[in-house]
Structure formats: structure tokens, C-alpha cells
Amino acid sequence: MLAYVPIFLFAIIEGEIYYIAMCVAAAAGKLNWAGVIVAGALGGSAGDQFWFYLLRGRIHWLDRYPRLAKYRDTVIQRVNARQTLMVLVSRFLPGLRVAIPVACAYAGVRPLLFTALNLVSAFAWAGGIMLIVAKLGPNALSAFGLRGWWGPLVPAALVLLFFRWLGRPSRGRIGVG
């Protein structure tokens, strides 16, 4: 049981690196794979929820900064329009694991909704990594075309695109009627 505590703690702090190493240990039979998944998922979720609950109802001090305040309505609108999807994918976007819970806190996402969706996302994340490491093996990312020096650029580009999308003012939609 104590072997799974570091998995929980490292999942709170950094995410993939230590968790992947523990998935390798589980695949080698040194740890129970279900225990690794549960510890990783609960730790990852705890890290996300820490920021959400810490800043919930307290982050509007950002409005005092005119440069940030001009994006407030856009951020709130975009988060509320896609809050379910945003929370569900947050575990899979390493560069946004703090930004998405903070944006959800800023937009006033309901705590029960955030917690439930975040737990679902965390278990999908932990199970997905375990599946890739234990079942598909080290060549799994190559099968998806993520090999070579540019592989790490894909997540970085997604982070950049997300922030540009989140801060871009919405365009008025032309409706009929």
C-alpha cells in the first residue's frame, strides 16, 4: 500500500514522468496495475482540484489589471460554453493542467461538475497511459506519428493555440430570424 503513495504525490506535482515509470513497473509485475491507475488518477485529480478550489471565488482580483480584465468576459463565455469538454480534456493537455482549472474557477464552473468530470478525466488519463505503456509498448507513439525531434512540439503547439483561442474576443454570430 505504501508503494502507491509516491505515485499519488508525484501525480499531484508533475504528472507523466513518474507515473509512466510506475506503469512500466506494473507491466513488469512489480506493482499492481490497478493500484497504479487508482493512485495516479487520484493524485492527478487532486492536483487539478487544488487549483480549482484554491481560486474559486477569489480570482476576480485579476480584473484590477486592465490588460487581463479585457479578456474576462471572453474567457468566462468560452469556458461556460464548453466546460464539460474543457474539464474532460484538461488531464490530457500537460501545459494546461493548471490553466484549465484556474479558468474554470474564474468562470464559476459548479464545483460538483468540475470534481466529477475531473475524476472521470483523471481515470481516463491514468488508464490510457497504462494501456499505452503496458499493452501497446514503447512503439505506440510512433504508430501515431509522434517520433523524432518534433514530437514534443505537438503539445507545445496545442498549448499555444488554446491560449490564443481562449483570449480571442468572440465574433458576433449572425442568426436567422
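Refer to the preceding data block for the structure.
First, a word on what this report is: a plain description of the structure on this page. Just so it is clear, the structure is predicted and the values come from calculations on it, not from any experiment.

**As for the overall build of the chain**
Each helix and strand counted, the chain has ten helices and zero strands in total. Counting from the amino terminus, helix and strand elements in the chain follow one another as α-α-α-α-α-α-α-α-α-α. Buried positions account for 36% of the 177 residues belonging to the chain. Sequence separation of at least 24 residues holds for 82% of the intrachain contacts in the chain that already meet a minimum separation of 6. Surface accessibility of the chain: about 10900 Å² in total, with carbon and sulfur atoms responsible for 69%.

**Details of the nonpolar core**
Counting 19 residues, the largest nonpolar core has Phe 52, Val 79, Ile 100, Cys 104, Val 109 and Phe 114 as its most contacted members. Listing elements by their share of this core, those giving two or more residues are α3 (33-55), α5 (72-81), α6 (83-90), α7 (99-107) and α8 (111-136). Here the element with the most residues in this core is α7; it accounts for seven residues. Listed in part, the 17 residues of the second largest apolar core include Ile 7, Ile 37, Ala 41 and Trp 125.

**Here's the deal with the packing of α5 against α7**
Between α5 and α7, whose axes approach to 9 Å, the crossing angle comes to 100°. Compared by their axis directions, α5 and α7 come out roughly perpendicular. Seen from α5, the contacting residues are Arg 72, Val 75, Ile 76, Val 79 and Asn 80; seen from α7, they are Ala 103, Cys 104, Tyr 106 and Ala 107. Residues of the contact of α5 with α7, tallied by class, amount to seven nonpolar, one polar and one charged.

**Section: a nonpolar patch on the surface**
A cluster of nonpolar residues, Leu 2, Val 5, Phe 8, Leu 9, Ile 12, Ile 13, Val 38, Leu 42 and Phe 123, forms a patch on the protein surface that exposes about 800 Å² of accessible area. At the level of secondary structure, the elements contributing two or more residues to the nonpolar patch comprise α1 (5-13) and α3. Per-element accounting of the nonpolar patch gives the leading share, five residues, to α1. With respect to the helices and strands, Phe 123 occurs in helix α8.

**Regarding the packing of aromatic side chains**
Counted under the stated rule, the structure contains five aromatic pairs. Between Phe 52 and Tyr 53 the ring centres are 5.0 Å apart and the planes differ by 90°, which places this aromatic pair in the edge-to-face class. Given the relative accessible area of 0%, Phe 52 is considered buried. With a relative accessible area of 35%, Tyr 53 lands in the partly exposed category.

**Some points on α6**
Within α6 the residues assigned to the buried category are Gln 83, Met 86, Val 87 and Ser 90. Burial along α6 is one-sided: seen end-on, the buried residues are contained in an arc of 95°.

**Some words on helix α2 (residues 16-27)**
End to end, α2 covers 16 Å across twelve residues, agreeing with the expected 16 Å (1.5 Å per residue, within 8%). Restricting attention to buried positions, one finds in α2 the residues Glu 16, Tyr 19, Met 22, Cys 23, Ala 25 and Ala 26. In the core, the buried residues of α2 are packed alongside α1, α3 and α8. Backbone geometry just after α2 places Gly 29 at a positive phi near 85°.

**Examining the pattern of salt bridges**
Scanning the entire structure with this criterion turns up one salt bridge. A salt bridge links Arg 91 to Asp 48, with the nearest nitrogen and oxygen atoms 2.9 Å apart. With Arg 91 in the loop between α6 and α7 and Asp 48 in helix α3, this pair connects stretches of sequence that are 43 residues apart. We classify Asp 48 as buried; its relative accessible area is 2%.

The rules behind these values
Residues numbered from 1 in each chain as written. Predicted model: local features only at pLDDT ≥ 70, side-chain atom pairs only at ≥ 80, totals over all residues. Heavy atoms only, no water. Helix = DSSP H or I, 4+ residues; strand = E, 2+ residues; numbered from the N terminus. Buried < 20%, exposed > 50% of the residue type's maximum accessible area, 1.4 Å probe, protein only. Contact = heavy atoms within 4.5 Å. Areas by Shrake-Rupley, 256 points an atom, 1.4 Å probe, with all protein chains shown as cover. Core = buried A, V, L, I, M, F, W, Y, C linked by side-chain atoms within 4.5 Å. Axes fitted to C-alpha atoms, helices over the stretch in contact; angles between N-to-C directions. Parallel < 35°, antiparallel > 145°, perpendicular 65-115°, else oblique. Nonpolar A, V, L, I, M, F, W, Y, C, P; charged D, E, K, R; others polar. Patch = residues over 30% accessible without salt bridge, like charges linked within 9 Å, V, L, I, M, F, W, Y side chains within 5 Å. Salt bridge = Lys/Arg side-chain N within 4 Å of Asp/Glu carboxyl O. Phe/Tyr/Trp six-rings, centres within 6.5 Å; stacked < 30°, edge-to-face > 60°. Arc of directions from axis to C-beta. Expected span 1.5 Å × (residues − 1).

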